[in-house]
Amino acid sequence: MQRFLLLYATQQGQAKAIAEEICEKAVAHGFSADLHCMSESDKYDLKTETAPLVVVVSTTGTGDPPDTARRFVKRIQDKSLPPDFFAHLRYGLLGLGDSEYTYFCNGGKVIDRRLQELGARRFYDTGHADDCVGLELVVEPWIAGLWAALEKLFAPRGEGEMSAALTAAPGAPGATDPAGPEVLHVESQVAQLRLEDPGRKGPEASEENVASSAQSRAVPADAGPSLTRSVPPLAQAALSVPASPPDYLQVHLQEPAGQEERQESVPSADPVFQVPISKAVQLTTNDAVKTTLLMELDISKTDFSYQPGDAFNIICPNSDSEVQSLLQRLQLTDKREHRVLLEIKADTKKRGAALPQHIPQKCSLQFILTWCLEIRAVPKKVLLRALADCAGDPAERRRLQELSSSQGAADYSRFVRGAGASLPDLLLAFPSCRPPLGLLLEHLPKLQPRPYSCASSGLCRPGRLRFVFTVVEASGGAPAAPRRGLCTGWLAALAEPLLQAAPRAAQASGISISPRAAHSFHLPEDPSVPVVMVGPGAGIAPFIGFLEHREKLREQQPDARFGATWLFFGCRHRDRDYLFRDELRRFQERGTLTRLTVCFSREPPAGEAPAKYVQDGMRRHGAALARLLLREGGCVCVCGDAKNMAKDVNDALLEIISQEAGVDKLEAMKTLAALKEEARYLQDIWA
């Protein structure tokens, strides 16, 4: 078999899962994939690598490579490396990202660009998969086209003119330098790659050419498709269904040992601190559209430290009711306290099978389902395919096969991904599906900690850490009943005793946190630099920390020069969700906050049309804002929603710079890009 090196860099496991899928499929296509995490630098050496390189890399934060790629990126960005350092490398790269963020797929783009700067050349076009619309829309065709690209790269010289000219796929860009080593360009756009290679019938696909009698059952003429039901033409289509993923875990349930289990048993790369909740305050009125709470943690007995602008992780459990429902569905309620011991099946066909690192050995089944597995994760197609084999009802099995097939991609995007369906939702929708425990342990990803921005300054509040959260209320879509966000719902329940003036009961509550330092979302080191803060809703949180910190510094350094501080804040109603109103007024009175602009999106207009959103407020102060940023060397910090607000603020800044500097949009974009490069345009945004 022809060998290629397969590297992945992941933050939450998606890039790893995709790389493992490539590794599995490689064998059927006559290749051998040497799979490694990018952080395992002792297991590969790109400087001497002669095989083709395939890279799958995700993006984290607002455009950073994942943590597992940091060392790799630092090494290849060494300025002393010659421009031909990787001239021997031929590579293909698949980047994962979310277009709701400004720096879409930037983790992959950073590596892609630097590899080329060091002389490496693509044998296959780079793919950029968008988690906003569904990674699979690019991932599946990119993987399907990879095999043809590798075959042509490995073809003997003279076959297909490979040594004399470079071959391009139909519609792909033209050939590159014919004098250089061969490179194959394969267009990675969805429209130009088919999910199945008609000339190959490998074990990775099985043809369901005859629709079963189940899907031809009578359907009311006016009934549309749903999670559990399809309509023609999909209902009558012959499906290209992926082969069932090979199982690889042997699960043993042992009698409970009676020992106490603590959350600290969950493996973590970062230090974890158990801290008590010392205070909780509801910042919104009861009739506000959304409920926002402030929570204070006592970190005085730990060595946890932070700067204003940092974020930290909260380690939260799955909902107890959902865990109990899952145990009941698995018919394992009576064994919830049994210890789980995992082994790799001796006869597994999964290459490179390894025990899941996020599942500790010999912990109870209930503990694992509560603290280790993301049971609310949107299931990937490979899990749907596995669940299809566990469905006893032919109609349910057919529908799960449709959702996992290429022909059912639109229904998957609409009814699974778009609706936020989770495993509990699927099991409720398909009652005949009874998966074994091992299947869920193989496919459910690690329960991820949730990041929150620090809303305080350690200088002002030593031994205390404050943060703000809005309780997420999910209704409609896939869930059968309205439910709260996993972490915010749990936090709100913990805060309830304090909100009810029962501090003694609440004092016993505690949560586990771990550090998550921001790379650059901090106040400038020079206090004389003007700072413009933009944070609607809960996005105001880090700026409260900024202002507390700046106020304390002003007290400690009365003779120092401090730059202007502006805040653009937005909410719906003046009397319902104007967060930190009293604190902001005090910051203004003391001169810590130079200018405050508050926009109310749902207040009735009175007199002059008010600024409805933060970007409207920015435009009203465009001339002064441009002067602050372009002439006085100020910086702008934006915190909040990535989907709408961050893009609208970015557009407003472009308009302001274009208008006030008298330049066209392209020049304004260059100016804004320069501000980002100089760390004078900072973002802390989330989807």
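Residues take numbers from 1 onward in each chain, read along the sequence in its written order. Where totals are concerned, whole chains, interfaces and linings use all residues; where local detail is concerned, this predicted model gives features only for residues with pLDDT of at least 70, and gives and counts side-chain atom pairs only at 80 or more. As a rule here, side-chain values come from all non-hydrogen atoms in the structure, and water together with hydrogens is ignored.

Under an unreviewed UniProt entry, the name given to the protein chain is Methionine synthase reductase, and the organism recorded is Rousettus aegyptiacus. Of the protein chain, the UniProt comment under Catalytic activity (unreviewed entry) reads exactly: "2 cob(II)alamin + A + 2 H2O + 2 H(+) = 2 aquacob(III)alamin + AH2". UniProt positions are given in the numbering used here, feature names are shortened, and annotations may be inferred rather than shown by experiment.

Engineer: Hey, could you run me through the pattern of salt bridges in this one?
Structural biologist: Pairs can form between side chains of opposite charge whenever their charged atoms are close. In the sections that follow, a salt bridge refers to a side-chain nitrogen of Lys or Arg positioned within 4 Å of a carboxyl oxygen of Asp or Glu. With the rule as written, the count across this model stands at 34 salt bridges. We note a salt bridge from E548 to R466, for which the minimum N-O separation is 3.9 Å. Placement of the pair is E548 in helix 14 (residues 541-556) and R466 in strand 16 (residues 464-470), with a sequence separation of 82 residues. The same class applies to E548 and to R466, which are both buried. E655 is the partner of R619 in a salt bridge, and the nearest nitrogen-oxygen pair spans 2.9 Å. Here E655 lies in helix 18 (residues 645-661) and R619 lies in helix 16 (residues 614-620), a separation of 36 residues in the sequence. A run of H or I in DSSP becomes a helix once it reaches four residues, and a run of E becomes a strand once it reaches two; helices and strands are each numbered from the N terminus. The buried label applies to any residue whose accessible area, calculated with a 1.4 Å probe on protein chains only, is under 20% of its type's maximum; exposed applies above 50%, and partly exposed to all values in between.

Engineer: Would you explain the sheet that holds strand 21 (residues 565-571) in this entry?
Structural biologist: The strands making up a sheet associate through backbone hydrogen bonding, with each pair oriented either parallel or antiparallel. Pairing between two strands requires that DSSP report at least two bridges joining them. Reading across the sheet, the 5 strands line up as 22-21-20-23-24 and stay open at both edges, with parallel pairing between neighbours. Each having just a single partner strand, strand 22 (595-600) and strand 24 (681-686) make up the two edges of the open sheet. Strand-to-strand twist across the sheet, computed as the mean angle between neighbouring axes with direction ignored, equals 10°. Sheet analysis places strand 23 (residues 635-641) next to strand 24, joined by 6 bridges and oriented parallel. Across the sheet, G640 pairs through a bridge with I685, a residue of strand 24. Contacts were defined at the residue level, with two residues in contact if any of their heavy atoms lie within 4.5 Å. For helices, the fitted axis covers only the stretch in contact; all axes are lines through C-alpha atoms, and the angles between them, taken along N-to-C directions, range from 0 to 180 degrees. Along the sheet, helix 17 (residues 622-631) makes contact with strand 20 (531-534), strand 21, strand 22 and strand 23, crossing strand 21 at roughly 130°. Most of the contacts of helix 18 go to strand 23, to which it runs at about 150°, and overall it touches strand 20, strand 23 and strand 24.

Engineer: What am I meant to see in the packing of aromatic side chains here?
Structural biologist: Ring pairs shown here join Phe, Tyr and Trp side chains whose ring centres sit within 6.5 Å, with only the six-membered ring taken for Trp; geometry is labelled stacked below 30 degrees between planes, edge-to-face above 60, and tilted in between. Within the structure shown, the criterion is met by 16 aromatic pairs. Judged by centre distance (4.9 Å) and plane angle (40°), the rings of Y124 and W142 are tilted. Of this pair, Y124 sits in the loop between strand 5 (121-122) and strand 6 (127-130) while W142 is found in helix 4 (residues 136-154), placing the two residues 18 residues apart along the sequence. No difference in accessibility class separates Y124 from W142, as the two residues are buried. On the numbers, 5.8 Å between centres and 65° between planes, the contact of Y578 with F600 is edge-to-face. Note that Y578 is positioned in the loop between strand 21 and helix 15 (581-589) and F600 in strand 22, a separation of 22 residues in sequence.

Engineer: Sorry, what's going on with the environment of R554 here?
Structural biologist: Here R554 lies in helix 14. The partly exposed category is assigned to R554, whose relative accessible area is 29%. As for R554 and P527, which are separated by 27 residues in sequence, their C-alpha atoms are 9.4 Å apart. Among all residues touching R554, those that are not within four sequence positions of it are F562, R590, G591 and T592.

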